[in-house]
Amino acid sequence: MEYMKGIRTFILPAVLSVMMLVSCKKEEQSCSDGIFSPEHEVGTDCGGVCPPCYSNDPVVQSYLAARIDSVDMSFSNYNLERNPDWVLTFINDSLTVSLNFGDGDSLGARGIKPVGSGAYKNGVSYNFIDGIVLFSEIDHAEDRLSGFFEAQLLSSVDVYDTMKITQGDFEKIKWQ
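Just so it is clear, the model here is predicted, and its values are computed rather than measured. (Residues numbered from 1 in each chain as written. Predicted model: local features only at pLDDT ≥ 70, side-chain atom pairs only at ≥ 80, totals over all residues. Heavy atoms only, no water.)

Trainee: Sorry, what's going on with the pattern of salt bridges here?
Mentor: Think of it this way: side chains of opposite charge can pair up when their charged atoms draw near. In this structure the tally under the stated criterion is 4 salt bridges. Here Asp72 ties to Arg67 by a salt bridge, and the two come within 2.8 Å at their closest N and O atoms. The salt bridge partner of Lys113 is Asp85, with a shortest N-O separation of 3.6 Å. Taken as a pair, Lys113 in strand β7 (residues 113-121) and Asp85 in the loop between β3 (77-82) and β4 (86-91) lie far apart in primary sequence, 28 residues in all. (Salt bridge = Lys/Arg side-chain N within 4 Å of Asp/Glu carboxyl O. Helix = DSSP H or I, 4+ residues; strand = E, 2+ residues; numbered from the N terminus.)

Laid out in C-alpha cells, this is it:
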C-alpha cells in the first residue's frame, strides 16, 4: 500500500508536467503553421500566445467578381465613384459595365437605378433592365464599399440577347 502511495506521489506530478509541456509545445507550433487559430492567435500565426502582429501596410484585399452569362469573371480594372450616387464601373478586354447603385449610406438591399447603368460587350451596347445591390459594409474611415449585386441588360441590337449578371461580389472597393 505504501508502495502505491509513493507511485501516485511521483507519477501524478510527472504526468501533469508532461501534459503541460506538450500543450505549450502545441501552442508554440501553431505560431508557424499558417493556420489561424482564434482560440490562441489574434491573426494568422501572430498575437495571443504567438509573437505580436506587426504590419506597416494594412492588408486590404479589394476585388470584384461576377458571373456574366454563366461565365465566372474577376475584374482588376474597376472604379467606384460617389457623387452623390454610387456608380461602379468594371472593365475587361471585351466588356464594360456601369451600374448606378443610387445614393445613401444605408446597409441592405436596394434597386439599381437605370440612369447611368449599362454595358458594352464586343462593341454592342446593352441597356439596363433590372437589378439589385446589397451593401454589406460601408467603411467611411477608409472610403471603401463592399456588397453583392445582380443585373439584367438587354442588347440594343438583338431583343433576344439578354446579358445576365449574377453572383456579383465586391469587397473593399475604394470610392472617389
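Moving on from the coordinates now.
Trainee: Please clarify how the packing of aromatic side chains should be interpreted in this entry.
Mentor: Note on aromatic pairs: each is described by the distance of the centres and the angle between the planes. Taken as a whole and assessed by the stated rule, the structure comprises 8 aromatic pairs. An angle of 65 degrees between the planes, with centres 4.8 Å apart, marks the rings of Phe75 and Phe90 as edge-to-face. One end of the pair, Phe75, is in strand β2 (residues 71-75); the other, Phe90, is in strand β4, with 15 residues separating them in the sequence. The pair formed by Phe75 and Phe90 is uniform in burial state, with each residue classed as buried. Ring geometry for Phe149 and Phe170: centres 6.1 Å apart, planes at 40 degrees, overall tilted. With Phe149 in strand β9 (residues 144-155) and Phe170 in strand β10 (residues 162-174), this residue pair connects regions lying 21 residues apart in the sequence. (Phe/Tyr/Trp six-rings, centres within 6.5 Å; stacked < 30°, edge-to-face > 60°. Buried < 20%, exposed > 50% of the residue type's maximum accessible area, 1.4 Å probe, protein only.)

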